[in-house]
Amino acid sequence: MNDARHDIVIVGAGSGGFAAARTARALGADVALIDHGPLGGLCILRGCMPSKTLIASSDLLHDVREGSELGIDAGEITVDFPHIMRRKRDIIAGFAQFRIDAIREFPLYEGRATFLSPLEIRVGDHTRIRAQKFIIATGSVVAPATLPGLEETGYIDSDMALELSRLPESLLVLGGGYVGTELGQFFSRLGVKTTIILRSPHLLSAEDHDVGYALTDYVRDEGIDVRTETLIERVYSRNGKKVAHLVHHGMAEELEADEILYALGRVPDIAGLDLHAAQVRAHPKTGIEVDQSLRTSNPHIFAVGDATGRFLLVHVAIFQGELAARNAVLNAAEPADYHLVKTHTVFSDPQVAVVGDTERDLQSTGVSYLKGVYDFAEHGKAICINKTKGFVKMLAAADSGRILGASVLGSHGSDLIHEMIVAMNYGATVFEFMKIPHLHPTMAEIWLYPAEEIAEKMNAVQVEPSAMRA
Ligand SMILES: Cc1cc2nc3c(=O)[nH]c(=O)nc-3n(C[C@H](O)[C@H](O)[C@H](O)COP(=O)(O)OP(=O)(O)OC[C@H]3O[C@@H](n4cnc5c(N)ncnc54)[C@H](O)[C@@H]3O)c2cc1C
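Residues numbered from 1 in each chain as written. Predicted model: local features only at pLDDT ≥ 70, side-chain atom pairs only at ≥ 80, totals over all residues. Heavy atoms only, no water.

What follows concerns the site of the ligand. Gly16, Asp35, Lys52, Asp306 and Val314 are the nearest of the 35 residues found near the ligand. Separating an oxygen atom of the ligand from a side-chain N or O atom of Asp35 is a distance of 2.6 Å. Interatomic distance of 3.5 Å between a backbone N/O atom of Cys48 and a nitrogen atom of the ligand. Across the complex, the protein chains shield 95% of the 1000 Å² of accessible surface that the ligand would expose by itself. Those elements that place two or more of their residues in the shell around the ligand are helix H1 (15–26), strand S2 (31–35), helix H2 (42–46), helix H3 (48–65) and helix H9 (314–330). (Near = heavy atom within 4 Å. Polar contact = N/O pair within 3.5 Å; in protein donor to acceptor, adjacent residues only side chain to side chain. Areas by Shrake-Rupley, 256 points an atom, 1.4 Å probe, with all protein chains shown as cover. Helix = DSSP H or I, 4+ residues; strand = E, 2+ residues; numbered from the N terminus.)

Attention shifts here to the pairing of strand S6 (residues 127–136). Judged by how many residues are buried, S6 sits mostly within the fold: 7 of 10 residues are covered. By the bridge criterion, 9 bridges tie strand S1 (residues 2–11) to S6 in an arrangement that is parallel. In the strand pairing of S6, Ile10 is matched with Ile135. Looking at chain direction, strand S5 (residues 120–123) and S6 are connected through 4 bridges and run antiparallel. If you follow Arg122 over to S6, its bridge partner there is Arg128. Hairpin connection of S5 to S6: 3 residues between the antiparallel strands, including Gly124 at a positive phi of 60°. Strand direction decides the pairing type here: S6 and strand S18 (residues 301–303), joined by 3 bridges, are parallel. The partner of Ile136 across the bridge, within S18, is Ala303. (Buried < 20%, exposed > 50% of the residue type's maximum accessible area, 1.4 Å probe, protein only. Pairing = 2+ DSSP bridges.)

A full pass over the atoms with the stated rule returns 7 aromatic pairs. Taking the centre distance of 6.4 Å and the plane angle of 85° together, the rings of Phe18 and Phe106 count as edge-to-face. Pair noted here: Phe18 is in helix H1 and Phe106 is in the loop between helix H4 (81–103) and strand S3 (108–110), with a separation of 88 residues, a long-range link. Phe106 matches Phe18 in its accessibility class, with the two residues each being buried. Ring centres of Phe186 and Phe187 lie 5.0 Å apart, and the angle between their planes is 65°; on these two criteria the pair is classed as edge-to-face. Counting every residue linked through ring pairs, the aromatic cluster contains Phe311, Phe319 and Tyr338. Positioned above the aromatic ring of Tyr338 is the side chain of Arg310, whose terminal nitrogen or guanidinium carbon lies 5.1 Å from the ring centre. (Phe/Tyr/Trp six-rings, centres within 6.5 Å; stacked < 30°, edge-to-face > 60°. Lys NZ or Arg CZ within 6 Å of the ring centre and 35° of its normal.)

It is worth spelling out H4 at this point. With 23 residues, H4 should reach 33 Å at 1.5 Å per residue; the first-to-last C-alpha distance of 32 Å fits that figure. Three or more residues of H4 are buried, namely Phe81, Ile84, Met85, Lys88, Ile92, Ala96, Arg99, Ile100, Ala102 and Ile103. (Expected span 1.5 Å × (residues − 1).)

This part covers the packing of H1 against H9. Following both chains from N to C, one finds H1 and H9 inclined at 35°, their axes separated by 7 Å at the closest point. In this structure, the crossing between H1 and H9 has a hand that is right-handed. When H1 is examined against H9, the residues Ser15, Gly16, Ala19, Ala20, Thr23 and Ala24 are found in contact with a partner set consisting of Val314, Ala317, Ile318, Gly321, Glu322, Ala325, Arg326 and Val329. Classifying every residue of the contact of H1 with H9 gives 8 nonpolar, 4 polar and 2 charged. (Axes fitted to C-alpha atoms, helices over the stretch in contact; angles between N-to-C directions. Left-handed = near helix turned anticlockwise from the far one by under 90°. Contact = heavy atoms within 4.5 Å. Nonpolar A, V, L, I, M, F, W, Y, C, P; charged D, E, K, R; others polar.)

Turning our attention to empty space enclosed by the protein. On inspection of all chains with the given rule, the structure shows 1 cavity of 30 Å³ or more. Of the pockets and cavities examined, the largest cavity occupies roughly 40 Å³. Lining the largest cavity are Ile55, Ser58, Asp59, Glu182, Gln185, Phe186, Arg189, Phe347, Ser348 and Asp349. Listing elements by their share of the lining of the largest cavity, those giving two or more residues are H3 and helix H7 (178–189). When residues of the lining of the largest cavity are assigned to their parent elements, the largest contribution, 4 residues, is made by H7. For the lining of the largest cavity, the per-class residue count stands at 3 nonpolar, 3 polar and 4 charged. (1 Å grid on protein atoms, 1.4 Å probe; cavity = no way out; pocket = protein on both sides within 12 Å on 5 of 7 lines; lining within 4 Å. Points joined across faces, edges and corners; volume = space filled by probe spheres on them.)

This is the structure in structure tokens:
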């Protein structure tokens with residue numbers, strides 16, 4: 001056994017672990033990373049980046065098909081699926097290499113990590129490392145498939161869906177969360193007969209209902225069969241097809257397809273770490289328990305990212321990685337504030353993006369709020385560019401007009417939300433927001449309408465008809 005010693009050892013070199021390593025190094029600590037590979041992290045290898053690269057192709061296909069509305073008819077459109085996958089592979093290889101080069105600037109132990117004691121970890125069979133502090137950033141894996149018949153019938157998960165060599169003719173997507181919605185729409189737009197099956201009344205069950213129902217309608221309008229409030233009882237094979245036995249409001253039904261995409265969530269990747277030996281409390285489904293400063297039940301060990309089972313978003317993993325590294329190196333207890341950080345987006349079309357509180361959050365906590373909503377169908381620039389699906393919504397404190405949250409369902413929603421993130425970061429009220437100049441005609445100026453609506457409701461300002469809005 002080779003023995004090594006470092007100030008800080010980070011287990012997992014994905015988004016959270018890499019961010020922690022950089023921060024700890026910048027603070028002067030001797031930092032080492034452990035990763036069993038493949039190096040690069042989920043986001044680059046099998047998450048955000050490959051999925052968004054693929055979705056770029058299906059979104060373009062959709063726009064080209066809709067071109068006739070703008071007087072552009074592209075004629076017969078062909079899809080070169082091998083090219084789409086090759087492009088994705090090349091782009092991801094570039095991103096991964098860039099990240100791997102940066103990871104290799106740190107002392108890197110390649111192998112599976114297992115704790116031996118509260119301050120000691122083993123990597124593979126031959127290396128034992130002692131450290132003053134550890135940061136666990138081991139990410140997540142696809143949740144085990146517990147649905148009766150699924151293992152025997154065969155299925156693909158999101159990892160496999162991003163690596164397909166040919167398109168199935170038909171697809172049953174189990175789950176209407178962001179992975180099911182994004183990938184379901186991708187496959188459908190490429191010509192796969194797609195059905196999304198979910199237990200909730202609308203796609204993205206955690207979102208505000210107006211957002212979720214509207215998205216579900218748009219997705220249905222483009223030909224995807226969305227089966228809401230439907231339980232999947234079991235799956236099995238029949239004549240070379242995969243069959244799902246469903247129950248909807250007490251009525252049984254069977255649906256068959258060439259392939260099943262299992263998109264029912266992810267769980268923290270913590271099995272095999274022997275957290276018990278490290279005196280770290282964790283649960284297989286909800287992940288490693290951490291306090292506000294990201295310390296685990298062992299005060300020398302921190303945990304960040306998907307391994308903690310919350311949010312499962314890259315920017316949260318990075319935020320937590322940086323915070324945990326500061327707390328570890330400086331022996332501090334800076335708490336994590338998620339109010340803005342929990343902002344999130346879904347790359348459906350139209351996209352969903354949310355910052356701060358939702359209406360469901362505010363209703364559950366009893367906060368008194370005012371709401372402004374504006375449809376893209378009423379918005380000049382959206383009409384010009386034929387991107388009229390969806391709406392923006394702003395929520396503000398009823399007494400002060402301080403913006404508490406905002407949502408967008410619309411084209412480029414993931415970019416549009418950033419204006420609201422900045423406004424909320426500086427604690428803006430709707431009155432302050434309305435004074436910010438907005439270019440015309442732009443999609444971004446749509447945010448002025450809900451701000452104006454709230455201001456009018458507060459009856460505190462005389463709203464001048466804006467010269468900017470033709
Ligand atoms: C299809 C898909 C699309 C997504 N799209 C988005 C998106 O658009 N936006 C977004 O914000 N998020 C997205 N996500 C989620 C995002 O990818 C994750 O939240 C994020 O990558 C998690 O980062 P992490 O650092 O916690 O873990 P990871 O990046 O998974 O890193 C964990 C690392 O730990 C290593 N490891 C694990 N166990 C051990 C061990 N015992 N020993 C040694 N090494 C170990 C692994 O090899 C890995 O490198 C998506 C996820 C999926 C699946």
